[in-house]
Amino acid sequence: MKPKKVIFSAMQPSGTPQLGNYLGAIKNWVGLQEDYSCRFCVADLHSVTVRQDPESLRQNSLSLFALFLAAGLDHERGIVYFQSHVPAHTQLTWALSCLTYMGELNRMTQFKDKSQKHSDNINAGLYTYPVLMAADILLFRADLVPVGEDQTQHVELCRDVAERFNNLYGDILTVPEPFVSGAAARVMGLSEPSRKMSKSENGSENNVVFLTDPPEIIAAKFKRAVTDSDNQVRFDPENKPGVSNLINIYRAVTGKTVPETEKEFENSGYGAFKTAVAESVIAELSPLQDRYSRLMADAPFLEAAVKRGAERAAEEAAPLLKKVMDAVGFAPR
Ligand code: AQP
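Keep in mind it's a predicted model, so treat the numbers as computed, not measured.

S.K.: What exactly am I supposed to notice about the site of the ligand here?
M.R.: With respect to spatial proximity, 21 residues lie near the ligand, and among them S14, V187, S198, K199 and S200 are the closest. At a separation of 3.3 Å, an oxygen atom of the ligand approaches a polar side-chain atom of K114. Between the ligand and K199, the relevant distance is 2.4 Å, taken from an oxygen atom to a side-chain nitrogen or oxygen of the residue. Burial of the ligand by the protein amounts to 95% of the accessible area it has alone, namely 640 Å². Secondary-structure elements contributing two or more residues to the shell around the ligand are β1 (6-11) and α1 (19-32). Element by element, the count of residues in the shell around the ligand is highest for α1, at four residues. Classifying every residue of the shell around the ligand gives seven nonpolar, nine polar and five charged.

S.K.: Mind showing me how you'd approach the packing of aromatic side chains here?
M.R.: The geometry of two aromatic rings is summed up by the distance between their centres and the angle between their planes. Applying the stated criterion across every chain, the model contains 10 aromatic pairs. Considering the side-chain rings of F65 and F82, the 5.4 Å spacing of their centres and the 15° angle between planes classify their relative orientation as stacked. Linking F65 in helix α3 (residues 54-71) with F82 in strand β3 (residues 79-82), this pair joins segments that are 17 residues apart in sequence. The same class applies to F65 as to F82, namely buried.

S.K.: Explain the pattern of salt bridges here, please?
M.R.: Where side chains of opposite charge bring their charged atoms close, a pairing between them can arise. For the structure on display, the rule yields 18 salt bridges. E192 serves as the salt-bridge partner of R195, at 2.9 Å between the closest nitrogen and oxygen. The exposure class assigned to R195 is partly exposed, which follows from its relative accessible area of 41%. Where D230 meets K240, a salt bridge forms, and the shortest distance between an N and an O atom there is 2.6 Å. Separated by 10 residues along the polypeptide, D230 in the loop between α9 (215-223) and α10 (241-254) and K240 in the loop between α9 and α10 bring together distant segments of the chain. Assessed through its relative accessible area of 3%, K240 is described here as buried. Each of the salt bridges in this network shares a partner with another, and the network as a whole consists of D228, D230, R234, D236 and K240.

S.K.: What should I look at first to understand the environment of N231 in this one?
M.R.: Examined against the element boundaries, N231 turns out to sit in the loop between α9 and α10. Residue classification places N231 among the partly exposed positions, given a relative accessible area of 43%. In this structure the C-alpha to C-alpha distance between N231 and V243, which are 12 residues apart in sequence, comes to 9.3 Å.

S.K.: So what exactly am I meant to see when it comes to the domain arrangement of the chain here?
M.R.: The figure often quoted for interface size is the accessible area lost as the parts come together. The domains assigned to the chain are domain 1 (6-185 + 299-328) and domain 2 (199-293). Taken together, the contact between domain 1 and domain 2 spans 20 residues of the former and 20 residues of the latter. Counting across the interface, domain 1 meets domain 2 through one salt bridge. Between E284 and K27 there is a salt bridge, and its shortest N-O distance comes to 3.1 Å. For the interface between domain 1 and domain 2, the tally reads eight residue pairs in polar contact (both at pLDDT 80 or more). Its residues assigned to classes, the side of domain 1 that touches domain 2 comprises 11 nonpolar, seven polar and two charged.

The rules behind these values
Residues numbered from 1 in each chain as written. Predicted model: local features only at pLDDT ≥ 70, side-chain atom pairs only at ≥ 80, totals over all residues. Heavy atoms only, no water. Near = heavy atom within 4 Å. Polar contact = N/O pair within 3.5 Å; in protein donor to acceptor, adjacent residues only side chain to side chain. Areas by Shrake-Rupley, 256 points an atom, 1.4 Å probe, with all protein chains shown as cover. Helix = DSSP H or I, 4+ residues; strand = E, 2+ residues; numbered from the N terminus. Nonpolar A, V, L, I, M, F, W, Y, C, P; charged D, E, K, R; others polar. Phe/Tyr/Trp six-rings, centres within 6.5 Å; stacked < 30°, edge-to-face > 60°. Buried < 20%, exposed > 50% of the residue type's maximum accessible area, 1.4 Å probe, protein only. Salt bridge = Lys/Arg side-chain N within 4 Å of Asp/Glu carboxyl O. Domains from an automatic or database assignment. Contact = heavy atoms within 4.5 Å.

Have a look at this one:
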């Protein structure tokens, strides 16, 4: 039997995860576990490229780990771990940094965006973020990297650096493919449908649906979602961004297509449509929230799972890092 292809993906503990993180990433990851060998990480090293309060970072990190498990990421079949627990990530980053050109990093749109947003803290880590991301992926010999559309440029850079490394030192690194999948490649804000929903930039009060929001809050946020005045449930992101975003969310949750959704609500007003979208989201998130609460109350279980994830990830990463160190010419220990 052919070995399963490897998938690597990660999420930053930069706030409370929101519906876009779930529909654009975590929900897809859960579905991939049957066919792929999966490694998922809490990307805490990445998150400090933007200033974090230490205690909140610790809380958010543990909470994201618990949410991963609550959503159905299987830490027995695959590996679920914290990036900072596996030093090989940063070691490989150094080797790759010396093969990455500033011209390449200068082109990264996420760096440009984030430097605008955090103009008081344009640090070197923010600039070299894509090299750390390349190291994450390459360390586990990932074949595929499920990412949102906004991250495909980083995966392209990872491929270029891996190919450069292999040309210089032999065929050591697996060159990965980006894997943009799922119904909701991009969930937009409910009050600001022109901007993507984000965990660290909440915008106005009802803009972001957090995965830990209680049902009544979720219902209220959808009720206040921005729509338009023509009262037709029709997918047209350019002219009807708010309604199109709600359709996108509904189809990602229910698995229905756009035409099916338009048909289902052709005779409904926006009120009934919004209620249906909210109910579908609540039904999807409720079991996850129950499991999450139980996990957060079980510190011994969580601690053991964190420790085991770190050990397994470090063990799996070690041989590739050794190959890289040897290839570059560092003397053996
Ligand atoms: N709105 C979104 N729609 C679809 N997918 C999304 N993702 C994030 N927002 C949406 C996907 O979630 C994964 C993890 O992202 P991340 O935590 O590494 O950083 P991010 O993309 O920057 O996510 P946020 O929530 O916007 O975080 P902050 O506020 O810290 O910048 C990725 O696969 C991403 O595509």
